[in-house]
Amino acid sequence: MIALLYLADPFQKARHAMVREQIQARGVKDQRVLDALRRTPRHEFVPSELQAHSYDDRPLPIGYGQTISQPYIVGYMTELLDVKPDHRVLEIGTGSGYQAAVLSSLVKHVYSMEIVPELARSSQTTLQRLGCKNVTVRHGDGYQGWQEEAPFDRIILTAAPAEIPNPLVDQLKPGGKLLAPVGERYQELVLVEKLADGSIRRRPSIPVMFVPMVHGTKR
Ligand code: SAH
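Residues numbered from 1 in each chain as written. Predicted model: local features only at pLDDT ≥ 70, side-chain atom pairs only at ≥ 80, totals over all residues. Heavy atoms only, no water.

## Considerations on unusual backbone geometry
For the peptide bond that leads from Ala-150 to Pro-151, omega is 0 degrees, which places it in the cis range. Assignment of secondary structure puts Pro-151 in the loop between β5 (135–139) and β6 (152–157). With a phi close to 60 degrees, Tyr-64 is a non-glycine residue in the positive phi region. Relative to the helices and strands, Tyr-64 is located in the loop between β1 (60–63) and β2 (66–68). Phi at Asp-82 takes a positive value of approximately 60 degrees, unusual for a residue other than glycine. Tracing the backbone shows Asp-82 in the loop between α4 (71–81) and β3 (88–92). (Helix = DSSP H or I, 4+ residues; strand = E, 2+ residues; numbered from the N terminus.)

## Thoughts on the site of the ligand
Lining the immediate environment of the ligand, one finds 27 residues, of which Ser-96, Glu-114, Asp-141, Gly-142 and Val-214 sit closest. Ile-115 places a main-chain nitrogen or oxygen 3.3 Å from a nitrogen atom of the ligand. Relative to its unbound accessible surface of 580 Å², the ligand loses 99% to contact with the protein. Those elements that provide at least two residues to the shell around the ligand are β2, β3, α5 (98–104) and β4 (109–114). The greatest single-element share of the shell around the ligand, amounting to 3 residues, is contributed by β2. For the shell around the ligand, the per-class residue count stands at 13 nonpolar, 11 polar and 3 charged. (Near = heavy atom within 4 Å. Polar contact = N/O pair within 3.5 Å; in protein donor to acceptor, adjacent residues only side chain to side chain. Areas by Shrake-Rupley, 256 points an atom, 1.4 Å probe, with all protein chains shown as cover. Nonpolar A, V, L, I, M, F, W, Y, C, P; charged D, E, K, R; others polar.)

## Quick look at the nonpolar core
Leu-37 and Tyr-98 are the most contacted members of the largest nonpolar core, which totals 46 residues. Among the elements of the structure, α2 (12–24), α3 (31–39), β1, α4, α5, α6 (117–129), β5 and β8 (187–194) are those that each provide at least two residues to this core. If you tally residues by element for this core, the top one is α4, at 6 residues. With residues near it in sequence (within four places) discarded, Leu-37 still touches Arg-15, Met-18, Val-19, Ile-23, Val-74, Gly-75, Tyr-98 and Val-102. Tyr-111, Leu-178, Ala-180 and Val-190 belong to the second-largest nonpolar core, a separate cluster that totals 20 residues. (Core = buried A, V, L, I, M, F, W, Y, C linked by side-chain atoms within 4.5 Å. Buried < 20%, exposed > 50% of the residue type's maximum accessible area, 1.4 Å probe, protein only. Contact = heavy atoms within 4.5 Å.)

## Quick word on the pairing of β4
Of all 6 residues that make up β4, 6 are buried, and the element is covered over most of its length. Alternating residues of β4 divide into His-109, Tyr-111 and Met-113 and Val-110, Ser-112 and Glu-114, and every residue in both groups is buried. Relative to β4, β3 runs parallel, the two sharing 5 bridges. When the bridges of β4 are listed, Glu-91 appears paired with Ser-112. For the crossover from β3 across α5 to β4, the handedness is right-handed. In terms of strand pairing, β4 meets β5 through 5 bridges, oriented parallel. (Pairing = 2+ DSSP bridges. Right-handed = clockwise from strand over helix to strand, strands pointing away.)

Structure below.
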């Protein structure tokens, strides 16, 4: 039985070690988040020639000048986003689809936008193949958000704008939270909370390095 499980997922041991040594060891405690990371096959989201490095402690290239984030950053951001099972979440920057997949096992629905058409297509294919039915990927420019599906309980950006785009704050429910890497050369994670009265509280977190959020739909 153990041998069969091992054959079914040869990366399971590496994935559990990743969660223990890179993510728990650095202070992520939320059991639901740790379980989601243990469940999500990160190696399915990286190019085949890099699969052996899927569980390394670093970001990896996914083509088109883009990257899949370092596992710890995905864990840290997912914990900070503080999601609940009934949440509808907007992600800007689908990339490989990995962050969307991690979130999908924790919330009701993930709406994810990606500006590079090839990545929007390939992430959708991967998510479908893995049975993530509650993720909708759309090719488009995240600066405008996703008006038709707004408002959202949570919004997460995985590309860095110079400033948090106003349409995204507008598309957040009262009581909602938005998490984004913000800045140009120097970036930090910023958590924005929209209070029940609609006022905004902004809390800076750790320094990070994300690809910049670009303007305008390509092609
Ligand atoms: N969350 C991803 C990592 C994202 S890398 C993962 O888990 O793999 C950042 C992604 O943001 C890139 O794929 C990039 O093409 C995309 N991006 C950059 N600017 C954007 C914009 N304005 N709208 C939507 N996506 C954007």
